[in-house]
Amino acid sequence: EFTTEQQALMRVITDAYNKHQIPQDVTKKLLQDQYSTEENFLLLTEMATSQVQVLVEFTKNIPGFLSLDREDQIALLKGSAVEAMFLRSAQALNKKMPIGHTEVLEERIHKSGISEEFIKPMFNFYKSIGELHMVLEEQALLTTITILTPDRPYVKDQPAVERLQENVLDLLRKMCVLHHPQEPQYFARLLGRLTELRTLSHYHAEMLASWKVNNHKFTPLLCEIWDVQ
Ligand SMILES: CC(C)c1onc(-c2c(Cl)cccc2Cl)c1COc1ccc(-c2ccc3c(C(=O)O)csc3c2)cc1
């Protein structure tokens, strides 16, 4: 079953995932009653900015991450931020968030100036994640695996990242057998979501370009992590 090291790794990652969430005083802003495209864009920008801060804190808790080359740490964060945010927003949209949050978040994403061609694949992804009924540990591990993807642009020491990712992949495989015993293909289905995330990440670059065209401003943190402006 699980080795002592794997049990420790699971606990550290799950605790970090639970600890680092967007604060209530930020998410409750979603409930305010302005629903203009502009207002929705501003609120989503605030959510994304807060989510990036949360993501950085979570990543620092991944065992071994801070021992990686400093520039590789940055490359992994920049390369995975959008995918990690798709996973986190998918969890928010699929779990029963505090009353009304789910609907307002979905509504604001639909009406924030994202063109229809991106809305479709985005909400297909959200639906496909919902259908998996991941337990919290699986969501935390899948996010970690996404962050520890060795072949992101500009990563120098890929083997070092591979070694960390392999440990988490092994742990996720065992968690899937434990929580979904009737579905031998469940682990493979989870990894299939990672492929879909890469596609969404490419769409996202175009989304940013179209928002910029309509001279939408992003925050300094988002500009830095997404190399815009
Ligand atoms: C700059 C901005 C316009 C933007 O550009 N691309 C995307 C973007 C979009 Cl529109 C979709 C997917 C990914 C990205 Cl980066 C975004 C908005 O990004 C978001 C990031 C994160 C949340 C998010 C996460 C968790 C939770 C929770 C919870 O945990 O309980 C409660 S409320 C909530 C809200 C929403 C939106």
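### Describing the overall build of the protein chain
Then step 1. Each helix and strand counted, the protein chain has 10 helices and zero strands in total.
Then step 2. What you see in the protein chain, going N to C, is helices and strands ordered as α-α-α-α-α-α-α-α-α-α.
Then step 3. The C-alpha radius of gyration computed for the protein chain amounts to 18 Å, which stays within 12% of the reference 17 Å derived for 229 residues, consistent with globular compactness.
Then step 4. Dimensions along the principal axes, computed over C-alpha positions, put the protein chain at roughly 50 × 40 × 30 Å.
Then step 5. Burial statistics for the protein chain: of 229 residues in total, 50% are counted as buried.
Then step 6. Considering only contacts in the protein chain between residues 6 or more positions apart, those separated by 24 or more positions represent 76%.
Then step 7. As presented, the protein chain carries roughly 11,700 Å² of accessible surface, and 56% of it is formed by carbon and sulfur atoms.

### A look at the pattern of salt bridges
Then step 1. Applying the stated criterion across every chain, the model contains 12 salt bridges.
Then step 2. Notably, a salt bridge pairs Glu57 with Lys60, separated by 3.4 Å at the nearest N-O pair. Residue Glu57 and its partner Lys60 are located together in helix H3 (residues 37-60), separated by three residues, close to a single helical turn.
Then step 3. Across the salt bridge formed by Lys156 and Glu71, the nearest N and O atoms sit 2.7 Å from each other. Taken together, the residues Lys156 in the loop between helix H7 (136-147) and helix H8 (158-179) and Glu71 in helix H4 (residues 70-94) connect sequence positions 85 residues apart.
Then step 4. Via salt bridges that share partners, Asp69, Glu71 and Lys156 belong to a single interconnected network.

### Concerning the environment of Val26
Then step 1. Along the chain, the position of Val26 falls in helix H2 (residues 24-27).
Then step 2. Along the backbone, Val26 and Glu46 are 20 residues apart, and their C-alpha atoms lie at a distance of 7.8 Å.
Then step 3. Apart from residues lying up to four places away in sequence, Val26 is in contact with Glu46, Met47 and Ser50.

### Brief notes about the nonpolar core
Then step 1. Counting 73 residues, the largest nonpolar core has Ile109, Phe125, Tyr126 and Trp226 as its most contacted members.
Then step 2. With 12 residues, H4 is the largest single contributor of residues to this core.
Then step 3. With near-sequence residues (within four places) excluded, Tyr126 lies in contact with Phe86, Ser89, Ala90, Leu93, Asn94 and Ile109.

### Quick notes on H8
Then step 1. For H8, spanning 22 residues, the distance from its first C-alpha to its last is 31 Å, which sits close to the expected 32 Å at 1.5 Å a residue.
Then step 2. Its side-chain oxygen placed 3.2 Å from the backbone nitrogen of Ala160, Asp157 serves as the N-cap of H8.

### Digging into unusual backbone geometry
Then step 1. At His133, a residue that is not glycine, the phi angle is positive and equals roughly 50°.
Then step 2. By the element assignment, His133 lies in the loop between helix H6 (116-132) and H7.
Then step 3. Within the chain, Tyr154 stands out as a residue other than glycine whose phi angle is a positive 70°.
Then step 4. On the basis of relative accessible area, Tyr154 is assigned to the exposed category, the value being 76%.

### Concerning the packing of H3 against helix H5 (residues 101-110)
Then step 1. At their nearest, the axes of H3 and H5 sit 9 Å apart, and the two run at 115° to each other. Here H3 runs over H5; the crossing is left-handed. Along the contact surface, H3 presents Asn40, Leu43 and Leu44, while H5 presents Leu105, Arg108 and Ile109.
Then step 2. By residue class, the composition of the contact of H3 with H5 is four nonpolar, one polar and one charged.

### Notes on the side chain of Arg108
Then step 1. Position of Arg108 relative to the elements: it lies in helix H5.
Then step 2. One buried charge, Arg108, has no salt-bridge partner; the nearest side chain with opposite charge is Glu39, at 5.8 Å.
Then step 3. There is a polar contact of 2.5 Å between the side chain of Arg108 and the backbone oxygen of Gln32.
Then step 4. Aside from chain neighbours lying at most four places away, what touches Arg108 is Lys29, Leu30, Leu31, Gln32, Gln34, Tyr35, Asn40, Leu43 and Leu44.

### Considering H6
Then step 1. With 17 residues, H6 should cover 24 Å at 1.5 Å per step; its first-to-last C-alpha distance of 25 Å lies within 8% of that length.
Then step 2. Burial in H6 covers these residues: Phe118, Ile119, Pro121, Met122, Phe123, Phe125, Tyr126, Ser128, Ile129, Gly130 and Leu132.
Then step 3. Close packing links the buried residues of H6 with H4, H5 and helix H9 (186-213).
Then step 4. Looking one or two residues beyond H6, the residue adopting positive phi is His133, at roughly 50°.

Calculation criteria
Residues numbered from 1 in each chain as written. Predicted model: local features only at pLDDT ≥ 70, side-chain atom pairs only at ≥ 80, totals over all residues. Heavy atoms only, no water. Helix = DSSP H or I, 4+ residues; strand = E, 2+ residues; numbered from the N terminus. Rg over C-alpha atoms; globule rule 2.2 N^0.38 Å. Buried < 20%, exposed > 50% of the residue type's maximum accessible area, 1.4 Å probe, protein only. Contact = heavy atoms within 4.5 Å. Areas by Shrake-Rupley, 256 points an atom, 1.4 Å probe, with all protein chains shown as cover. Salt bridge = Lys/Arg side-chain N within 4 Å of Asp/Glu carboxyl O. Core = buried A, V, L, I, M, F, W, Y, C linked by side-chain atoms within 4.5 Å. Expected span 1.5 Å × (residues − 1). Polar contact = N/O pair within 3.5 Å; in protein donor to acceptor, adjacent residues only side chain to side chain. Axes fitted to C-alpha atoms, helices over the stretch in contact; angles between N-to-C directions. Left-handed = near helix turned anticlockwise from the far one by under 90°. Nonpolar A, V, L, I, M, F, W, Y, C, P; charged D, E, K, R; others polar. Lys, Arg positive; Asp, Glu negative; His and termini not counted.

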